[in-house]
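# Report on the structure
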Amino acid sequence: DQLVITNAKMVELHSSIGMLKNLEMLVLTNNRIKSLPKEIGNLKNLTFINITGNQITDIPEEIKYLDKSNGGSLFRIAVKEEEIGTENYKRLMELLPATKF
């Protein structure tokens, strides 16, 4: 399953995203999202996330459960360091050690 929401001026990803257990691809490009809900960590089947074009400043620790090292399926995350900041980028790299950036 895929969820693609691009150029929609979306400001929030609702916590109910965590109920989409079969979701494999999440594309949220060019929106106005500032944070990801902790429930994103429930999406163990996610293999690809694209959050480019968002100024995400709040990344939940629970995102680590998407990484293959924690039983998840995440293969790749598309994110730009200049959009989320160096600190958040480094944090994502620590939380997702087996994921390609």
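Refer to the preceding data block for the structure.
What comes next concerns the included structure. (Residues numbered from 1 in each chain as written. Predicted model: local features only at pLDDT ≥ 70, side-chain atom pairs only at ≥ 80, totals over all residues. Heavy atoms only, no water.)

Within the open sheet, the four strands sit side by side as S1-S2-S3-S4. Their pairing is parallel. At either end of the open sheet lies a strand with only one pairing partner, and these are strand S1 (2-4) and strand S4 (76-78). Across the sheet, the mean angle from the axis of one strand to that of its neighbour is 5 degrees, orientation sign disregarded. Sheet topology places strand S3 (residues 48-50) next to S4; three bridges connect them, and they run parallel. Within the sheet, the bridge partner assigned to Asn 50 lies in S4 and is Ala 78. (Pairing = 2+ DSSP bridges. Helix = DSSP H or I, 4+ residues; strand = E, 2+ residues; numbered from the N terminus. Axes fitted to C-alpha atoms, helices over the stretch in contact; angles between N-to-C directions.)

At Asn 7, a residue that is not glycine, the phi angle is positive and equals roughly 50 degrees. Relative accessible area serves as the criterion here: at 55%, Asn 7 is assigned to the exposed category. Even without a glycine there, the phi angle at Lys 9 is positive, about 55 degrees. Among the secondary structure elements, Lys 9 is positioned in the loop between S1 and strand S2 (25-27). Assessed through its relative accessible area of 58%, Lys 9 is described here as exposed. (Buried < 20%, exposed > 50% of the residue type's maximum accessible area, 1.4 Å probe, protein only.)

A separate point is the pattern of salt bridges. Evaluated as defined, the whole model comprises two salt bridges. Taking the shortest distance from any N to any O, the salt bridge between Glu 39 and Lys 38 comes out at 3.3 Å. For Glu 39, a relative accessible area of 21% translates into the label partly exposed. Among the ionic pairs, Lys 64 bridges to Glu 61, the shortest N-O distance being 3.3 Å. By relative accessible area, Lys 64 is classed as partly exposed at 22%. (Salt bridge = Lys/Arg side-chain N within 4 Å of Asp/Glu carboxyl O.)

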